[in-house]
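# Geometric and topological summary
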Amino acid sequence: MTGLGRFGQLKSLWVTYFVTGCGGIELLPVITSRFDAERFGIITMATPRQSDVLVVSGFITVKTLRRIIRTYEQMHNPKYVVALGACTINGGIYWDSYSTADKLELYLPVDVYIAGCMPRPEAIFMGFGHLMAMIKDGKADGWKRYKENYEWYKKNQDKACGGGKKWRVRDV
Amino acid sequence: MPFILILSGLLYMGFARKIHARIQKRYGPPFYQNIYDVIKLFSKREAAFHGGMFHFGPVLSLTGVIMALMFLPVGGKPLFSFQGDLFVLLYLMVIAPLGLALGAGNAENPLASVGIARALTLMLGYEIPFFIGVVPIIARYNTTQIAEIIHLQQMNGWNIVVFPISALASLIAVHAMLGNKPFDQPIAPHEIATGPLVEYGGKYLALLQLYQAGALLLTTGVVVDLFLGGSSNIWLFFVKTFIVYFVLLLIGEVLPRFRIGDAMRFFWKWPLAIAILGLFISILEGIK
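In what follows, the accompanying structure is described. (Residues numbered from 1 in each chain as written. Chains lettered and ligands numbered in written order. Predicted model: local features only at pLDDT ≥ 70, side-chain atom pairs only at ≥ 80, totals over all residues.)

### As for the overall build of chain B
Keep this limit in mind: Here a strand is any run of E in DSSP of at least two residues, a helix any run of H or I of at least four, and the numbering for each starts at the N terminus. Note that the radius of gyration is over C-alpha atoms, with the globule rule given as 2.2 Å times the number of residues to the power 0.38. Whether two residues are in contact is decided by their C-beta atoms, placed from the backbone, lying within 7 Å.
Looking only at helices and strands, one finds 12 helices and 0 strands in chain B. Secondary structure elements of chain B, listed N to C terminal, follow the sequence α-α-α-α-α-α-α-α-α-α-α-α. The C-alpha radius of gyration of chain B comes to 19 Å, within 12% of the 19 Å expected for a compact globule of 288 residues. Taking all contacts inside chain B whose residues are at least 6 apart in sequence as the whole, residues at least 24 apart take part in 79%.

In structure tokens, the structure reads:
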């Protein structure tokens, strides 16, 4: 990717929030008048086709993991994943539950983790600033890793969600 | 010239985002944010495949807008100017939404179909009052050349003063053409996820953003040239179009969205009635 393209990307990050676990309440102040993420060109888009960043927030159940993967695969390259909260790192307080997928990075290439339970809006801004710095240096290469190691990711996804089922529709 | 207009249309859209943010007590993005967005979208690597027409639609829209901008007098004579170019311009203005409809109709997404249905229904609503609002000008001055209409306005006074009622009807129609708030059903992001744009991403969305920017200056430019006395240089053109855009934007920002049926009922009741009233008044004046 050229320098101009990278510059455009870090100045305008369009986000899809995937907030089925928790954290919706903490994300709302980020986009509304108190903190106003639009100052940095970060806006929420209505569809994954138009967005660059997938924000996965809170614990991931096996049922939502399928939807997260489908949402991610509908997005256009280059695309980035931001994992929000402790539960996406190792399951958090749900680490021994029968229905949670503990580690998100087994299934999708995570670019930035924002730890905390839940992180405050300031922490979310720091995480996005980190993502912008990574894009500037060309280090945010999760989408490339996903392409290169697709077999490995697919194996993990099938193990968690059940292989051979109809949930996997790859249409990108 | 069309490319300068499209670029400044992007800046207008950025101003609109800033104003929208200030009304919500936010700081808002910089006014050149939309240029960053277009650069970003052009740097995307891939796009979903939904058949040839899906890819051809945005190109057709952008082409339609650039073609129409060539007929629009911007502070001087346009590229093409002849007797009857007003009709050509008004027809070319319809090509762009049709291109979007053709493309998005192939998107295999129900939300896109809903969006197109709404866009075309709304077009039926606003085109008729707009055309009837323009007819008195053509009848009075006995010309269909935009450059000549501007010239006559500079002698006889602006058309918004000469035909205030027809101008009101046309301005309401232009408000819907710009997709401002009470009439933004086609791309309602909270109901149908941006409607026709739902499957578009990457470079095609960039083309559609450029199309929107061009269409913005095209519609406001038509208003300025037909009703507000045209413009003697390009800076005056930008000042006038920005004032038109700004006023309509402020009206739009404080209004909620109509349902599509209510919008149609509104258009075929009030602007149409106002336009026909303006037509009758101009006929009576003509008899006198």
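### Comments concerning the overall build of chain A
Rules: Residues are called buried when their C-beta atom has 20 or more other C-beta atoms within 10 Å, exposed when it has 12 or fewer, and partly exposed otherwise; all C-beta atoms are positioned from the backbone.
The secondary structure content of chain A amounts to 7 helices and 5 strands. Ordered by position in the sequence, the α and β elements of chain A form the string α-β-α-β-β-α-β-α-β-α-α-α. For 172 residues, the compact-globule estimate of 2.2 N^0.38 gives 16 Å, and chain A sits close to it at 15 Å. For chain A, the C-alpha atoms occupy an extent of roughly 45 × 35 × 25 Å along the three principal directions. Counting across all 172 residues of chain A, residues that qualify as buried make up 43%.

### Quick notes on the environment of A:Met126
Tracing the sequence through the fold places A:Met126 in helix 5 (residues 121-137). On a C-alpha basis, the gap between A:Met126 and A:Ile114 in space is 8.4 Å, while along the polypeptide they are 12 residues apart.

### Topic: the sheet that holds strand 5 (residues 112-114) of chain A
All names here are of chain A. The condition that has to hold: Here, strands pair whenever DSSP counts at least two bridges between them. Whenever a helix is involved, its axis is fitted only over the stretch in contact; in every case the axis is a line through C-alpha atoms, and angles between N-to-C directions fall within 0 to 180 degrees.
With respect to topology, 5 strands assemble into an open sheet ordered 2-1-3-4-5, the strand pairing being parallel. The open sheet has two edge strands, strand 2 (43-44) and strand 5, and neither has a second partner. Direction of pairing for strand 4 (residues 80-84) relative to strand 5: parallel, over a ladder of 3 bridges. If you follow alanine 83 over to strand 5, its bridge partner there is tyrosine 113. Packing against the sheet, helix 5 makes contact with strand 4 and strand 5, and its axis sits at approximately 170 degrees to strand 5.

### Some words on helix 3 (residues 62-74) of chain A
Residues and elements named next belong to chain A. Filter applied, for reference: Take the residue count of a helix, subtract one, and multiply by 1.5 Å to get its expected span.
Under the 1.5 Å per step criterion, the end-to-end length of helix 3 is 19 Å for 13 residues, consistent within 8% with the ideal 18 Å. Here helix 3 has its buried residues at Leu65, Ile68, Ile69, Tyr72 and Gln74. Contacts made by the buried residues of helix 3 are with strand 1 (14-18), strand 3 (53-57), strand 4 and helix 7 (150-161).

### Looking at the packing of helix 1 (residues 3-11) of chain A against helix 5 of chain A
Helix packing for two helices is described by the angle between their axes and how far apart those axes are. Residue and element names in this part refer to chain A. What counts is decided by this rule: Each angle gets one of four labels, with under 35 degrees taken as roughly parallel, over 145 as roughly antiparallel, 65 to 115 as roughly perpendicular, and the rest as oblique. Under this grouping Gly is polar, as are all residues other than the nonpolar Ala, Val, Leu, Ile, Met, Phe, Trp, Tyr, Cys and Pro and the charged Asp, Glu, Lys and Arg.
Interaxial distance between helix 1 and helix 5 falls to 9 Å at its minimum, and their mutual angle equals 175 degrees. As summarised for this structure, helix 1 and helix 5 are arranged roughly antiparallel, according to the angle between their axes. Contacts between helix 1 and helix 5 pair Arg6, Gln9 and Leu10 from the former with Met132, Ile135 and Lys136 from the latter. A per-class count over the contact of helix 1 with helix 5 returns 3 nonpolar, 1 polar and 2 charged.

### Considerations on helix 4 (residues 85-105) of chain B
Over its 21 residues, helix 4 of chain B runs 30 Å from end to end, which matches the ideal 30 Å to within 8%, given 1.5 Å per residue. Here the buried face of helix 4 of chain B lies against helix 3 (52-70), helix 5 (110-141), helix 6 (146-156) and helix 10 (202-227) of chain B.

### A few points about the interface of chain B and chain A
Across the boundary between the two partners, chain B contributes 27 residues, which contact 20 residues of chain A. Secondary structure elements with two or more residues in the side of chain B that touches chain A: helix 2 (33-42) and helix 10 of chain B. Sorting elements by how many residues they give to the side of chain B that touches chain A places helix 2 of chain B first, with 5 residues. In terms of residue class, the side of chain B that touches chain A is built from 12 nonpolar, 7 polar and 8 charged.

### Examining the packing of helix 3 of chain B against helix 4 of chain B
All names here are of chain B. The cut-off we apply is this: Crossing handedness is read from the near helix: turned anticlockwise from the far helix by less than a right angle, it gives a left-handed crossing, and turned clockwise, a right-handed one.
Closest axis-to-axis distance for the helix 3/helix 4 pair is 7 Å, and the angle between their directions is 165 degrees. It follows from the interaxial angle that helix 3 and helix 4 lie roughly antiparallel. Seen from above, helix 3 lies across helix 4 with left-handed handedness. Between helix 3 and helix 4, the contacting residues are Met53, Phe54, Phe56, Gly57, Pro58, Leu60, Ser61, Gly64, Val65, Met67 and Ala68 on the first element and Leu89, Leu92, Met93, Ile95, Ala96, Gly99, Leu100, Leu102, Gly103 and Ala104 on the second. Tallied by class, the residues present in the contact of helix 3 with helix 4 amount to 16 nonpolar, 5 polar and no charged.

### So, unusual backbone geometry
All names here are of chain A. Geometrically, the link from asparagine 77 to proline 78 is a cis peptide bond, its omega value of -10 degrees lying close to zero. Residue placement: proline 78 occurs in the loop between helix 3 and strand 4. The linkage connecting cysteine 117 with the following residue, methionine 118, adopts the cis geometry, with an omega of -10 degrees. The phi angle at aspartate 36 is positive, at roughly 55 degrees, despite the residue not being glycine.

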